[in-house]
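Tertiary structure, described
Chain by chain, the residues run as shown.
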Amino acid sequence: MKKTVNILVLSMFIAVANGNIVSSCRYERNIQHKLIANCENQGFTSVPRNLRRDIYELILSNNPIHMLTNNSFTNYSQMERLILTGNNISVIQQDAFSGLNLLKVLKVNDNLINITTIPHGVFRHLSNLAVLDISRNKMPLDTNIPFIYPDVTFSTLTRLQNLSMDLFMFPVFRSGFTALQDLKVLNFATCNLHNSSGFKLFNSTFENFSPDLKELYISGCRNFFLMEHGLLEHFPNLKVLDLSKSYVHLYQALRILHPYQDKNMSVINFHRISDNSINENNFPYSVIITEELMKYLRTICIEALDLSKAGIVDYQQKSLFSFKRPECIKTFIISANRLPSSTADHYFQVVTFFKSAINMKVYDFSYLIVDYFHPVYLDVYHPGVLNHFPEITETHKIPPHITFSIPSSIEFLRFTHIQIAFTSASFTCANTSLKYLDVSYGVYQNYPDFTDDCGKQLEYLDISGIPVTIITFPSIFMPKLSVLKVTNARIDQVIIKGKQWMSFRAPNLRKIDISFNNLWTLEETTFLDQPNITHLNMSNNLFRTIPSFVTKLQKLESLDLSNNLISSIGETLRCQLDKVVISNHSLILNLNNNALVCSCDTLDFLLWFAKTKITFKNGDTYNCTMSEGKQALLKEVIKNTAKYFSDCKATIWLQVGIILVGSAFGIFIPLSLLYNYRWKIILYMYRKVRHVVEKNLHENYMYDAYVSYEDRSVTWIQKFFLPKIEEKWGLKVCLHDRDLLPGDPTADAKAESIQQSRHVVFIITEHFTEGKWGRFEIERAKYEKYTTNFRKIIVILQNIQIKDIPDEIINISNDVYFIELPLDEKEAGDNPDYQSQWLRLKALLYLN
């Protein structure tokens, strides 16, 4: 027994001494069912040696390992992948990789390795290594002397196909690299080049690498440097050239392409190859593409070309779009340049190119004219994933109508953020493959028309940023459309005018985004009656309650109503939302940054919030306004309802008491007296009670109403309005012509008078907005109403049509009381509706 214990203790000691905490590694299987040992972020200081011996891959990333000692991996002879990324490795002993004859992938990037000091024979055991990543490691101390890459060390990797390392100043790749004849991919993941001490990449820099190299990446060089024109002549079979985010200037990049004239290439990535830090006589910041500059590129049969953010401001005839073999192009990205789009010559070149590029799938012609601050770029390798002008001496008249024929092969088309204003344009499609269309945030005189065929395969449509009042999108059938974005499109203006703001059929619509549209209602529109909607974004609008139509969306999974004005949810709507959860099993509701209220009136909503099965996004962070105006965390209020709402029952009994007292008066006051003086009695009592309430709330009003009007209404006010309001009803109103002191500053006096008035009355005629102070008084009335929440805004319409009502009134129509009274009292006659309008005005002025 004692011997067994000693052996166990000894085993534990050995394990700890070697940094082996086996239980901290996780075993899993890849798609091919091969065993992976994941030991990432486990605090290992050395390589664990007692893992399973049949592992295919070992992941030791992000551990504090600083040394790879001899024979560290001898127990794992079947391993083919070793990941040592993000450790502190600075020392690799000569036989560290002993036993790894089957290893194919080795990643020791993001460590502290100085590749010039590792032993020459360190890779000799890796006879089958195909991929080596030794990039983002230690930089040399002296950047003004040649950096000699250890060619002898790398020369043993005769089967290496993919090499990633860092590119340092004055690089020297000696003859030992000629042994890497199978090398197909050379990636300089970190670039430390800059234009100093006469530095340049010479024609001979890469002469010792394999001529069969297929892919070359020199990206991320954020300092300008020079390149000799013959730099790439040693790679005649290159298929991918990536100089993205390397500030070598487009002039240099286009000139080093001469070895590939009339050849086939897969990708040329010149994204952000120029920068405003480069502005010399030979390399100007503003690039004009000429026929001479394009003489090499135009001859290449290129599948994917990225010229985004390349500093291009103009292009001559037979240059930028004059490809010798346009049918080769499948992806063309030219976004975020400062290209002109206002002349017929430029349009015709694009149109001609479209007709010829018959196999193009992705075309991005976005963020043009101005230099946008944060454009969204496409990835040239995965384009479906969204990650000062020179003087123009000669202009051409734009033709009245331009037609773009979209190649049938196009799947992804983006014309977003183009600052142009052509007369009209249309897109025609035939046998289309178009799936993604983004024409958002453009400036158009007429919205571009699309033929019926353009919608057959469409799955994603973005028309944001374009006022829907100018959209003439046809009633096309889009059977596959699933995502629609219509943000910042002023949908509210169309709804106000009672128009149908979109008229196409999309039975499979799943996701809709109508945020940032100043919407306060959507009850009248039929566009959102789509049975399959699962995600609806109505954030950043003016909704005061959840529109009831959402309860008809039985497949709804996510509803975003953040940044609106919702104070609570009514009982009927709460029940309907719970039914949606029952049918869907889940619903995510976002009510963040709304005007939620915690009071006796909303107590039922708060209790429902706590028990409903709806998931509230960021629900733990919601705030609500208490009765005294203070903000509180909603979840804390719900947890302590007894504390916060202890007086709610007393309030209910108070209301019951008031009702009983009123009933007693109704019984004991003689019926005749009640009948003859009923209005005066009720209003007298109400005013007394109201004054007491206002006194307790520290609200003292000088006037019962402030009246806003224009000069043409003065006669009607004096002859009809004042006799009823002041003489007959006994109310006190403020008229700016009568009650404001002449010496007061007009704006301050009006603002103070509105503040001292219980309600605000606007007498609106067709000439109201011609007055000097009308809009100011509307804005001040809105401010006072939303600050105190007691005042009413009453609008008396006199011989005016709905379309002539000021927008400032329309925008708050949910909070306004409208009354129609004729300017000429003779028109009313004995009309009973006329008398009822006066009675309604009286009730509104008397009752809160």
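Rules of the game
- Think of each chain on its own: its residues are numbered from 1, step by step along the sequence as written.
- Thresholds applied to this predicted model are a pLDDT of at least 70 for local features of residues and 80 or more for the giving and counting of side-chain atom pairs; totals over whole chains, interfaces and linings are not thresholded and use all residues.
- As a rule here, side-chain values cover all heavy atoms of the structure and leave hydrogens and water aside.
- Any two strands between which DSSP finds at least two bridges are classified as paired.
- Helix numbers and strand numbers start at the N terminus; a helix is a DSSP run of H or I with at least 4 residues, a strand a run of E with at least 2.
- Interaxial angles span 0 to 180 degrees and are taken between N-to-C directions of axes, which are lines fitted to C-alpha atoms, for helices over the stretch in contact.
- In this analysis, two residues are considered to be in contact whenever any of their non-hydrogen atoms come within 4.5 Å of each other.
- Throughout, disulfides are identified as pairs of cysteine sulfur atoms within 2.5 Å of each other.
- Buried, partly exposed and exposed residues are distinguished by accessible area as a fraction of the type maximum, computed with a 1.4 Å probe on protein chains only: under 20%, between the cut-offs, and over 50%, respectively.
- Each aromatic pair joins two rings of Phe, Tyr and Trp (for Trp, the six-membered one) with centres within 6.5 Å, and gets the label stacked for planes under 30 degrees apart, edge-to-face for over 60, and tilted for any other angle.
- Either the NZ atom of lysine or the CZ atom of arginine qualifies as a charge over a ring when it sits within 6 Å of the ring centre and within 35 degrees of the ring normal.

Structural notes on the sheet that holds strand S37 (residues 703-708)
What the five strands build is an open sheet, ordered S38-S37-S39-S40-S41; its pairing is parallel. In this open sheet, the two edge strands, each paired with only one partner strand, are strand S38 (733-735) and strand S41 (816-820). Within this sheet the neighbouring strands show an average axis-to-axis angle of 25°, counted without direction. In terms of strand pairing, S37 meets S38 through three bridges, oriented parallel. Its bridge partner lying in S38, Tyr706 is registered against Cys734. Of the strands in this sheet, S37, S38, strand S39 (757-764) and strand S40 (793-797) touch helix H12 (residues 714-728), which is tilted by about 160° from S38. The strands touched by helix H17 (residues 832-846) within the sheet are S37, S39, S40 and S41, with S41 carrying the most contacts at an inclination of about 150°.

Let's talk about the state of the cysteines
Counted under the stated rule, the structure contains five disulfides. One disulfide in the model links Cys25 with Cys39; its S-S distance is 2.1 Å. Residues Cys25 and Cys39 are joined through a disulfide that is right-handed, its torsion about the S-S bond being 120°. One end of the pair, Cys25, is in the loop between helix H1 (2-17) and strand S1 (26-29); the other, Cys39, is in the loop between strand S2 (35-38) and strand S3 (57-59), with 14 residues separating them in the sequence. The pair Cys25 / Cys39 is uniform in exposure class, with both members buried. Residue Cys429 pairs covalently with Cys454 via a disulfide, S to S 2.0 Å. Measuring the twist about the S-S bond at about 95°, one finds the Cys429-Cys454 disulfide to be right-handed. Of this pair, Cys429 sits in strand S25 (residues 425-429) while Cys454 sits in the loop between strand S27 (449-450) and strand S28 (460-462); the two residues are 25 residues apart in sequence, bridging distant segments of the chain. Taking relative accessible area as the criterion, Cys454 reaches 3% and is therefore assigned buried.

A closer look at the packing of aromatic side chains
This model, assessed by the stated rule, comprises 42 aromatic pairs. Ring centres of Tyr363 and Phe365 lie 5.7 Å apart, and the angle between their planes is 15°; this geometry places the pair in the stacked category. Pair check on accessibility: Tyr363 and Phe365 agree, each one buried. Positioned above the aromatic ring of Tyr27 is the side chain of Arg52, whose terminal nitrogen or guanidinium carbon lies 5.9 Å from the ring centre. Over the face of the ring belonging to Trp838 we find Lys724, whose NZ or CZ atom lies 5.2 Å from the ring centre.

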